[in-house]
Amino acid sequence: MTQNGAYAIELKDVSVYYGDNLAVDKVNLKIQNQKITAFIGPSGCGKSTVLRALNRMNDLISSARVEGEVIFREQNLYGPNIDPVEVRRRIGMVFQKPNPFPKSIFDNVAYGPRLLGIRNRHDLSDIVESSLKGAYLWDEVRQDLKKSGLALSGGQQQRLCIARTIAVEPEIILMDEPASALDPISTQAIEELMKDLVQNQKFTIIIVTHNMQQAQRVSDYTAFYSIRKAEETEGKERRWGVLVEFEPTRQLFESPKSEETERYIGGEFG
Amino acid sequence: MNTDNTQNTPNPENPEQAEDGAPRVENVNPTGGVALPDLESFRKRLVNRQRRGSIWARFMSLSLVVAIVALLALAYNIVDAAFGYVLTENVIEPTEVVEFVLTDVRNDTTTDPATVDLATLGASELAAVLREYQEPRLRVYIRDFLSVVPDDEFTQAPIRESLAGSSFRGQFADLTINDLDAAEWTLILGNNIPQDRLVGLVRTEVIGERILETWSLTESVTGFAEIDEARVAAVEGQNPNARLEFRSWLNINFLISPMSTNPAIAGIRTALLGTLWVMIITVGFSFPLGVGAALYLQEYADDNWLTRVISTNIRNLAGVPSIIYGLLGLSVFVIALEGITTGRSILSASLTLGLLILPVMIVNSQEALRAVPPSVREGSYGLGATRWQTIWRSVLPAAMPGILTGTILGMSRAIGETAPLLALGASTFLVVDPSGPFSRFTVLPIQIYQWTSRPSDQWRSLASAAIIVLIILLLSLNAAAIYMRQRFRRKLQP
Ligand SMILES: Nc1ncnc2c1ncn2[C@@H]1O[C@H](COP(=O)(O)OP(=O)(O)OP(=O)(O)O)[C@@H](O)[C@H]1O
Ligand SMILES: [Mg+2]
């Protein structure tokens, strides 16, 4: 949460491959501190891929390979001597499908702090309470913290996952379509929560969304990705994603520089 | 891709291009000119189609019936031999023995001897019974049960040597057994032989219960007249004390008595304890090893040809005949590692069975680990967990129900194995309780195998009773494991 560099995170010529297939080509981005940045673009353009490259979640996919530099606190996350465990502890992630652990609400939130070696029941209780408050979930679950996290509604589960993430106080939170599996009311709650996390709790958030209204409602900056295609020799097609435009959200939606962006936000393809 | 999507609405001018979800236009032939059967021939064929289906269904229900009949026949076979009339004869009636104890040892003339069970008498009382009825053989019992020197030296050696480890009065330490009197022999028997063994001794040596003839349950139900004729013939002939009784070969004495050469009093105590010991050590050995190997293969090893070769071969090992594991166990655990396992011990048997079920355990654990959804791992890694923390705190708990299922399968296989233990050299006649991993052993299947291979009906009945015990043991093990699995599941689900 400290503002060492000017940017929260910076991508320099980041390309990601799955095996021999290029998935995203040379992305350059500078993400602002304590802002919400949205990634939008058609399905398959590599939004999730870029997002996962930011906290080395791609390491879990054996075929994935990242080229280029991701600069975080003046260090290249893909440089030598970087432990991905530290990266993920400092850059947390919330997934599209709410994935609470099959454990109690308390244990879900305490999972991260326990990883860090906090054993004291009292300290853990404090963290759990403040994290659940931070995720707007405390009032709904304070009665039964022993209940399974899976017994909550989808929206509550997602807020539980957010609570679990903020319990380790990451500096950046990555969210991959966090509200796409939720109903409108839960979606609204998550959006409110994101704004609060940034404005009052000083987090930096990067969110992938398919919902352009959502991007407009919550984000300060928007990055638009699209797909490029090329014919291969035997009539096969190669597709990869590129970053088309990155601007403050209002500017991108009101006066896009690229014609492709304009057509996309005009709903012509997606 | 933008051109595809703009066509989601049907275009009436180009009906051939209408696809997916667009209403079809009347004059287009969807089969491209191929004539489909008309309604009448369709109906005719439909009858045939339905009939073919019902023939298959009948065949399948028939297979089920065959399977059920086979199972019932098996159950009938076992139960038929385990219950039924027996013609028994005692040399001396138990009540007479009890009466002797009451009047001559306890000086109690008021209690009715019929109300006291022989098995409840104390060790010294039973020793007194032996003295009363079998005084000349007391030394033989001492030799058989307590002597630690070779039989031919027993009468010459001072009891300090021959009865080393037993308790006797210090002043007699340098005398031989023949220097003592019957009262002293009785004391030694009563003080050193466990009560349950003395009960067995009294029953064989004094009461001399013998089974003259046995009948199956079916015979007992349908042919009582014949059975009674046999009794009358016996009573009028050489066995005046013979009496008919309906016997459940499966009874409490059967469970708590050790093996014996007399089928009337033989039990499965040693085999049952042996089976429990062997199972505990087998699972204790193969569970951590199996889960560990599965974890390594599934979570750590790269997915290259080597791991694939290893995985495939582990699968193949699961199908290797069990006798081969027995031979392996014989040469490795019994012979090569004799220094550690002390030869044909419970430990050797457990390690052999552990190896036998290891492939099943590994394969099932791998399956269970593979079934853990990626979201569980991602969630954990996303919070900054190391690989080990992720495995230990998230993956393993989620996979536990499946791993336990694999363990049940493994245990069920191990508990019934006979061949590898025969190869290993299980004891076929063992009356001493196993006391630890280094004891000599016998197990239920060995006992059953041994009894079924004897010619007379009595042993067959004992075997059936032991089979019932084995099956009950198996079912309750499974029930326990299923219960544990359900508990784990419930912890995982809301
Ligand atoms: N694990 C993987 N292995 C191989 N290829 C993958 C993998 N994950 C994604 N890809 C490929 O990478 C490209 C980008 O995928 P990605 O999931 O990043 O797209 P996305 O923009 O998030 O799409 P969506 O909006 O549908 O989530 C796609 O062509 C996809 O097929
Ligand atoms: Mg995605």
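Higher on the page you've got the structure.
Attention here is on the structure that accompanies the text. This one's a predicted model, so the numbers in the text were calculated from it and none came from an experiment.

### Notes on the overall build of chain A
And then number 1: When you go through chain A residue by residue, the secondary structure sums to ten helices and ten strands.
And then number 2: In terms of overall size, chain A behaves like a compact globule, its C-alpha atoms giving a radius of gyration of 19 Å where 270 residues would be expected to give roughly 18 Å.
And then number 3: If one aligns the C-alpha atoms of chain A with their principal axes, the spans along those axes are about 60 × 40 × 40 Å.
And then number 4: By residue count, 55% of the 270 residues in chain A fall in the buried class.
And then number 5: Of the contacts made within chain A by residues no fewer than 6 positions apart, 68% connect residues no fewer than 24 positions apart.
And then number 6: Accessible area of chain A: about 11900 Å², with a carbon and sulfur share of 43%.
And then number 7: In chain A, which carries 34 positive and 37 negative side-chain charges, the distance between the mean positions of the two groups comes to 4 Å.

### Quick word on the site of ligand 1
All names here are of chain A.
And then number 1: Neighbouring ligand 1 are the residues Y18, A23, S43, G44, C45, G46, K47, S48, T49, I61, E177 and H210.
And then number 2: One of the side-chain nitrogen or oxygen atoms of S48 is found 2.5 Å away from an oxygen atom of ligand 1.
And then number 3: H210 has a polar side-chain atom sitting 3.0 Å from an oxygen atom of ligand 1.
And then number 4: Out of a free accessible area of 630 Å², ligand 1 has 60% covered by protein chains.
And then number 5: If you tally residues by element for the shell around ligand 1, the top one is helix α1 (residues 47-54), at three residues.

### Quick word on the environment of P100 of chain A
Residues and elements named next belong to chain A.
And then number 1: Locating P100 in the fold gives a position in the loop between β6 (91-94) and α3 (105-115).
And then number 2: Taking C-alpha positions, P100 is 16 Å from R114, a pair spaced 14 residues apart along the chain.
And then number 3: Apart from the residues lying within four places of it in its own chain, the contact partners of P100 are N108, G149, L150, Q157, L160, C161 and R164.

### Describing the nonpolar core
Residues and elements named next belong to chain B.
And then number 1: Among the nonpolar cores identified, the biggest contains 46 residues, and F254, I268, L421, F441, L444, W451 and L462 are the most heavily contacted of them.
And then number 2: Residue assignment for this core shows that the elements contributing at least two residues are α12 (269-300), α14 (322-336), α16 (346-370), α18 (387-415), α19 (419-424), α20 (444-452) and α21 (457-492).
And then number 3: Setting aside residues up to four positions removed in sequence, I268 forms contacts with F254, L255, S257, L444, Q447, W451, A466 and V469.

### Topic: the pattern of salt bridges
And then number 1: Taken as a whole and judged by the stated rule, the model has 31 salt bridges over all chains.
And then number 2: Among the ionic pairs, E378 of chain B bridges to R52 of chain A, the shortest N-O distance being 3.2 Å. With E378 of chain B in helix α17 (residues 374-382) and R52 of chain A in helix α1, this residue pair bridges two chains. Here the two residues E378 of chain B and R52 of chain A agree in accessibility, since each one is buried.
And then number 3: Between D59 of chain A and R56 of chain A there is a salt bridge, with its nearest N and O atoms 3.0 Å apart.
And then number 4: Look at R56 of chain A and you get buried, because its relative accessible area is 12%.
And then number 5: Connected through shared salt-bridge partners, R73, E86, R90 and E171 of chain A make up one network.

Each value, and the rule that gives it
The residue numbering used here restarts from 1 in each chain and proceeds along that chain's sequence as written. For this description, chains carry letters from A and ligands carry numbers from 1, given in the order in which they are written. pLDDT decides what is reported in this predicted model: residues at 70 or higher carry local features, side-chain atom pairs at 80 or more are listed and counted, and totals for whole chains, interfaces and linings draw on all residues regardless. Heavy atoms throughout the structure, all of them, feed into the side-chain values; hydrogens and water do not. Secondary structure elements are defined from DSSP: runs of H or I of at least 4 residues count as helices, runs of E of at least 2 residues count as strands, and each element is numbered from the N terminus. Between the two quantities, the radius of gyration covers C-alpha atoms and the globule rule is 2.2 Å times the number of residues to the power 0.38. A simple rule labels every residue: compare its accessible area, found with a 1.4 Å probe on the protein chains alone, to the largest value its type can have, and call it buried under 20%, exposed over 50%, or partly exposed in between. Contact between two residues is taken to exist if any of their heavy atoms lie within 4.5 Å; hydrogens are not considered. Accessible surface is estimated by sampling points in the Shrake-Rupley manner with a 1.4 Å probe; for residues, cover comes only from the protein chains shown. For the purpose of counting charges, residues Lys and Arg are taken to be positive, whereas Asp and Glu are taken to be negative. His and the chain ends are not included. Charged groups are reduced to one reference atom each: NZ for lysine, CZ for arginine, CG for aspartic acid, CD for glutamic acid. Put simply, a residue is near a molecule or strand once any heavy atom of it comes within 4 Å of that molecule or strand. Here a polar contact is recorded for every N or O atom pair within 3.5 Å, except that within protein the pair must consist of a potential hydrogen donor and a potential acceptor, and residues adjacent in sequence are included only if both atoms are side-chain atoms. Here, nonpolar core refers to any group of buried Ala, Val, Leu, Ile, Met, Phe, Trp, Tyr and Cys residues whose side-chain atoms link them within 4.5 Å. The salt bridge criterion pairs a side-chain nitrogen of Lys or Arg with a carboxyl oxygen of Asp or Glu, the two atoms within 4 Å.

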